Amino acid sequence: MALLAIGMCIALSSCKKAGISEKAKKEQAYSKDIFAMDTYMSLTAYGEHGEEAVKAAEEEIHHLDNIWSIVSKDGEVYNINKKGTGEISKDTKTVLEYAKRLNEETEGAFDVTIYPLMDLWGFTTQKYHVPTKEELRQAMARVGQEYMTIEDDTLTLGEQQQMDLGGIAKGYTSSRIMEIFKEHGVTSGMVSLGGNVQVLGTKVNGDKWNVGIRNPKGNDGELIGAVSVADRTVITSGGYERYFEEDGKTYHHIIDPFTGYPAENGLISVTIISKDGTLADGLSTALFVMGTKQATEYWKEHHEEFEAVFVTDESKVYVTEGLKDDFQSDYDIEIVRVN
Ligand code: AMP
Ligand code: MG
């Protein structure tokens, strides 16, 4: 009897110990900040596999950065931009399939062959310049994603065309990171790629994550609101992210392929909330170009795929119906409904 009691005691205490350490293990966070894709990134994964998951994700980020950077000499985009054609990897093919769909569905507002215009305005070199009408005409003649073709694993650009995946690459990357986290047994984590956030699961305490959305007219860190999410990406496009000023006017980096100018269609920021990072990133750029009216219409037709927060140049905040219980803001908001 005495022996049994001691035996039980040992079993119980070791059980208790294991219980505590299991909880601690689950809650331990591994975080890392890195600089890639021209931006500061922060990765966090919870649980005992956090560290290995973050390290694997970091490798993948550098790999994708290398194949898509417009300046990496052994990258796919750099070489295809130079030669007009080349073999593409599975990752690039997937991203371009999204780009094709978005280009068609947004009637050209989203266009990865925007590179000649990005270059003309100086966004690729930081040698900023407001182009002349003639320069714009020439560059615009080289833009049009419909001339780009993919056959098997070979991509061919239209004549004199060049591509820029900057409007969609980070969203694909954040989705890939979530996959890598999962492959390593991580069930809770988050990444922020230059303000584009994607979260895996909930926080370890079971609560949703709170992701702040920047006030496009405020200072860095000032928010227009915050959204509570689990297993979602929250991606914002705004003119304030990259711009230059000349003669008192501001020119930003999201170009309207129809005018050749930085898009000015009433929106100063577009945030997309979706399960799909690649889609969300492409859409944030596309809907910014489309402007308030067309973007809301687009959401109505595709409301099953994403939710959105639109901030207009008159400081109005539109929030789509599905977010109404998950969006907190001190501003007056208007709910956009499907019907
Ligand atoms: P984002 O911050 O996701 O809106 O991406 C902005 C980036 O997308 C720019 O820096 C360009 O690399 C690229 N871009 C600009 N205009 C367009 C456009 N109309 N369609 C596709 N990509 C674009
Ligand atoms: Mg984008």
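Refer to the structure above for everything that follows.
Residues numbered from 1 in each chain as written. Chains lettered and ligands numbered in written order. Predicted model: local features only at pLDDT ≥ 70, side-chain atom pairs only at ≥ 80, totals over all residues. Heavy atoms only, no water.

Asks: Which parts of the structure should I look at to understand the overall build of the protein?
Replies: Of the regular secondary structure elements, the protein holds nine helices and 17 strands. The principal-axis extent of the C-alpha atoms belonging to the protein is close to 95 × 50 × 35 Å. Per-residue burial over the protein gives 50% buried out of 339 residues. Of all intrachain contacts in the protein linking residues separated by at least 6 positions in sequence, the fraction that spans at least 24 positions is 58%. Split by element, the accessible area of the protein, about 17200 Å² in all, is 49% carbon and sulfur. Each charge class in the protein can be summarised by its mean position, and for the 34 positive and 56 negative side chains these summaries are 4 Å apart. (Helix = DSSP H or I, 4+ residues; strand = E, 2+ residues; numbered from the N terminus. Buried < 20%, exposed > 50% of the residue type's maximum accessible area, 1.4 Å probe, protein only. Contact = heavy atoms within 4.5 Å. Areas by Shrake-Rupley, 256 points an atom, 1.4 Å probe, with all protein chains shown as cover. Lys, Arg positive; Asp, Glu negative; His and termini not counted. Charge placed at Lys NZ, Arg CZ, Asp CG, Glu CD.)

Asks: Please explain the sheet that holds strand β5 (residues 154–156) as it appears in this structure.
Replies: Sheets are built from strands that pair by backbone hydrogen bonding, the pairs being arranged parallel or antiparallel. Taking strand neighbours across the sheet as the criterion, the three strands line up as β3-β5-β4 in an open arrangement whose pairing is antiparallel. In the strand order of this sheet, the two ends are held by β3 (85–87) and β4 (149–151), each with one partner. Taken pair by pair, the neighbouring strands of this sheet meet at an average axis angle of 20 degrees, ignoring direction. Of the pairings in the sheet, the one linking β4 to β5 comprises three bridges and is antiparallel in character. Note that in β5 the partner of Thr149 across the bridge is Thr156. (Pairing = 2+ DSSP bridges. Axes fitted to C-alpha atoms, helices over the stretch in contact; angles between N-to-C directions.)

Asks: Even after reading the chapter, I still don't get the coordination of the magnesium ion (ligand 2), so can you show me in this structure?
Replies: Ideal geometry at a metal centre gives angles of 109.5 degrees when four donors are arranged tetrahedrally and 90 or 180 degrees when six donors are arranged octahedrally. Taken together, the protein ligands of the magnesium ion (ligand 2) are Gly167 (O), Asp281 (O), Asp281 (OD) and Thr285 (OG1), with distances of 2.1 to 2.5 Å. For the magnesium ion (ligand 2), all donor residues lie on one chain, and their spacing in sequence is G-x113-D-x3-T. Of the two residues, Asp281 and Thr285 are both situated in helix α8 (residues 277–290); the distance of four residues between them amounts to about one turn of the helix. Thr285 matches Asp281 in its accessibility class, with the two residues each being buried. (Donors = N, O, S within 2.8 Å, 3.2 Å for Na, K, Ca; no water.)

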